[in-house]
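Spelled out from the first residue to the last, the chains are:
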Amino acid sequence: MGRVCGATGLTTCPYAALREKWVHDAAQARDWWKEGQLQLRLGHPTLALMQAIDAMNAGTNGRARLESERLKAKQGKRNGG
């Protein structure tokens, strides 16, 4: 895997967890949470599920922030900054 992406120290594919059922379930629950339907669909969610949703939100929010910063820097270079 390291030869493909240039990373070192990998023992498994970084995306292997995406094949796990619990990851899929957590992602589905996050979608329901974003739509305001989590409690309607699952009742009272477990602490572990809420922590998984929080972790996914932190990851996507962090990625969105980095992308925004990248685009601002790119725009600044275009404008001579």
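Structure's up top.
Residues numbered from 1 in each chain as written. Predicted model: local features only at pLDDT ≥ 70, side-chain atom pairs only at ≥ 80, totals over all residues. Heavy atoms only, no water.

Quick word on the overall build of the protein
Looking only at helices and strands, one finds four helices and zero strands in the protein. Going from the N terminus to the C terminus, the protein shows its helices and strands as α-α-α-α. Against the 2.2 N^0.38 benchmark of 12 Å for 81 residues, the protein shows a C-alpha radius of gyration of 18 Å, more extended than a compact globule. Projected onto the principal axes, the alpha-carbon positions of the protein cover approximately 55 × 35 × 15 Å. For the protein, the residues scored as buried account for 15% of the 81 residues in total. Counting every atom, the protein has about 6700 Å² of accessible surface; 56% of that belongs to carbon and sulfur. (Helix = DSSP H or I, 4+ residues; strand = E, 2+ residues; numbered from the N terminus. Rg over C-alpha atoms; globule rule 2.2 N^0.38 Å. Buried < 20%, exposed > 50% of the residue type's maximum accessible area, 1.4 Å probe, protein only. Areas by Shrake-Rupley, 256 points an atom, 1.4 Å probe, with all protein chains shown as cover.)

Looking at the nonpolar core
Across soluble globular proteins, nonpolar side chains have a tendency to be buried as a group. Membership of the largest hydrophobic core is limited to seven residues, which are Ala26, Ala29, Trp32, Leu38, Leu49, Ala52 and Ile53. Every element with two or more residues in this core is listed here: α2 (21–34) and α4 (47–78). Residues in contact with Trp32, not counting those within four places in the same chain, are Gln37, Leu38, Arg41 and Leu42. (Core = buried A, V, L, I, M, F, W, Y, C linked by side-chain atoms within 4.5 Å. Contact = heavy atoms within 4.5 Å.)

Re the pattern of salt bridges
This structure, assessed with the given rule, holds three salt bridges. Measuring nitrogen to oxygen at the nearest pair gives 2.7 Å for the salt bridge that ties Arg70 to Glu67. With Arg70 and Glu67 both in helix α4 and three residues apart, the pair spans about one turn of that helix. Given the relative accessible area of 42%, Arg70 is considered partly exposed. With relative accessibility at 25%, the residue Glu67 sits in the partly exposed group. (Salt bridge = Lys/Arg side-chain N within 4 Å of Asp/Glu carboxyl O.)

Focus on the packing of α2 against α4
It is the contact of α2 with α4, at a shortest axis distance of 9 Å, that shows an interaxial angle of 80 degrees. Taken together, the axis directions place α2 and α4 in an arrangement best described as roughly perpendicular. Facing α2, whose interface residues are Ala26, Ala27, Ala29, Arg30 and Trp33, α4 presents Leu49, Met50, Ala52, Ile53, Met56, Asn57 and Thr60. When the residues that make up the contact of α2 with α4 are grouped by side-chain class, the tally is nine nonpolar, two polar and one charged. (Axes fitted to C-alpha atoms, helices over the stretch in contact; angles between N-to-C directions. Parallel < 35°, antiparallel > 145°, perpendicular 65-115°, else oblique. Nonpolar A, V, L, I, M, F, W, Y, C, P; charged D, E, K, R; others polar.)

Some details on the side chain of Asn57
By the element assignment, Asn57 lies in helix α4. The buried category is assigned to Asn57, whose relative accessible area is 11%. The residues contacting Asn57, other than those within four sequence positions of it, are Arg30 and Trp33.

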